[in-house]
Amino acid sequence: MTIENISENKVFGGWHKQYNHQSETLNCQMRFAIYLPPQVASGQKVPALYWLSGLTCTDENFMQKAAAHRIAAELGVALVVPDTSPRGEDVADDDAYDLGQGAGFYVNATQAPWDRHYHMYDYIVSELPELIEANFPVSDKRAISGHSMGGLGALNIAIRNPDRYTSVSAFSPISNPMNCPWGQKAFTAYLGENQKEWANYDASELMRQATEFVPALVDQGEADDFLKEQLKPEVLEAAAKASGYPLELNRHPGYDHSYYFISSFIEQHVRFHAKYLG
């Protein structure tokens, strides 16, 4: 696959770089960012933490606001951050912020017009790691994390692919999208009316039925404006108890849904993943 370097910045001895590439899975040009820690200078391959961002975000939100470079450099972990959806003039979109471009929900859409481009699940699970591991000194040891919509995507992908990820974490994930306005709107558009299909992308439903486990960490701010209506961490917690899933769910008084919250606890998340990435 051909990739085009569009920016690079040295940070904590490593390099933060942005690339464009033509995605066969999404049928459009995509952008991703990667942080290569200083350990790659010695020729060694490093493990990767994939980060999935939330509604309206791009790769830049995490890379510019999360303050993750220092701890990634210390622990020798690459950070891989894709966009949140396919983009382009011929890519289906919606005027609302919670559907269409910037709101891919990390699903494989089955309904027109979304099914032509919106296959973010396959892109994250298969195409992007293949591209990363072919073009950078990054090993096939992977962890995955994310925020809000991306937290949902990270949980879904790890639960469904326990052989591909050593660990999973999330900040303020949409834990039960089948039963919240954001999820119901997106799933109806992308997947149609069949709620059995919805359950394939609902972290609480997947966790409740899981028989193979990936260590999971979730942090939730108690001052989050979306907590009760959209996020529903209590449903995820109950699902983990039902299946015995190894979930650590922490609640933090005073913290909201923003990157102020993420940057306050990102070091703990990277350390959590580094423990399993080896």
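Computed from a prediction, not measured in an experiment: that's the story for all the values here.

Phe 105, Ile 132, Ile 144 and Tyr 190 are the most contacted members of the largest nonpolar core, which has 72 residues in total. Not counting residues up to four positions away in its chain, the partners in contact with Ile 132 are Phe 32, Ile 34, Tyr 50, Val 80 and Val 138. Formed by 24 residues, the second largest nonpolar core is a distinct cluster that contains Leu 49, Ile 71, Ala 143 and Ile 262.

A few words now on unusual backbone geometry. The linkage connecting Ala 112 with the following residue, Pro 113, adopts the cis geometry, with an omega of 0°. One non-glycine residue with positive phi stands out, namely Asn 27, at about 55°. Residue classification places Asn 27 among the partly exposed positions, given a relative accessible area of 40%. A positive phi angle, close to 55°, is found at Tyr 106, a residue other than glycine. With respect to the secondary-structure elements, Tyr 106 resides in the loop between strand S5 (78-82) and helix H3 (120-135).

With that settled, the discussion passes to helix H9 (residues 233-243). Three or more residues of H9 are buried, namely Pro 233, Leu 236, Ala 239, Ala 240 and Ser 243. Projected onto a plane normal to the axis of H9, the buried residues spread over an arc of 120° and lie on a single side. Of the exposed residues in H9, those oriented more than 90 degrees away from the buried face are Lys 241 and Ala 242. Buried residues belonging to H9 abut helix H4 (149-160), helix H7 (203-209), strand S8 (216-221), helix H8 (227-231) and strand S9 (247-252). Downstream of H9 by a residue or two, Gly 244 has a phi angle that is positive, lying close to 80°.

The next subject is H3. At Glu 127, H3 shows its largest bend, some 35°, and a proline, Pro 129, comes one to four positions later. Looking at H3, one finds that the buried residues are Met 120, Tyr 121, Tyr 123, Ile 124, Val 125, Glu 127, Leu 128, Pro 129, Leu 131 and Ile 132.

A separate point is the sheet that holds S5. Within the open sheet, the nine strands sit side by side as S1-S2-S3-S5-S4-S6-S7-S8-S9. Their pairing is mixed. Each of the sheet's edge strands pairs with one partner strand only, and the pair in question is strand S1 (3-11) and S9. Within the sheet, the average angular offset between the axes of one strand and its neighbour, ignoring direction, is 20°. Both S8 and S9 contribute to a ladder of six bridges, which runs parallel.

Looking now at the pattern of salt bridges. Counted under the stated rule, the structure contains 13 salt bridges. Two residues, Asp 83 and Arg 87, come together in a salt bridge whose shortest N-O distance is 2.5 Å. A relative accessible area of 6% places Asp 83 in the buried class. If you follow the salt bridges from partner to partner, you end up with Arg 70, Glu 74, Glu 267 and Arg 271 in one network.

Definitions and limits used
- Residues numbered from 1 in each chain as written.
- Predicted model: local features only at pLDDT ≥ 70, side-chain atom pairs only at ≥ 80, totals over all residues.
- Heavy atoms only, no water.
- Core = buried A, V, L, I, M, F, W, Y, C linked by side-chain atoms within 4.5 Å.
- Buried < 20%, exposed > 50% of the residue type's maximum accessible area, 1.4 Å probe, protein only.
- Contact = heavy atoms within 4.5 Å.
- Helix = DSSP H or I, 4+ residues; strand = E, 2+ residues; numbered from the N terminus.
- Arc of directions from axis to C-beta.
- Bend = angle between axes of the 7 residues up to and from the residue.
- Pairing = 2+ DSSP bridges.
- Axes fitted to C-alpha atoms, helices over the stretch in contact; angles between N-to-C directions.
- Salt bridge = Lys/Arg side-chain N within 4 Å of Asp/Glu carboxyl O.

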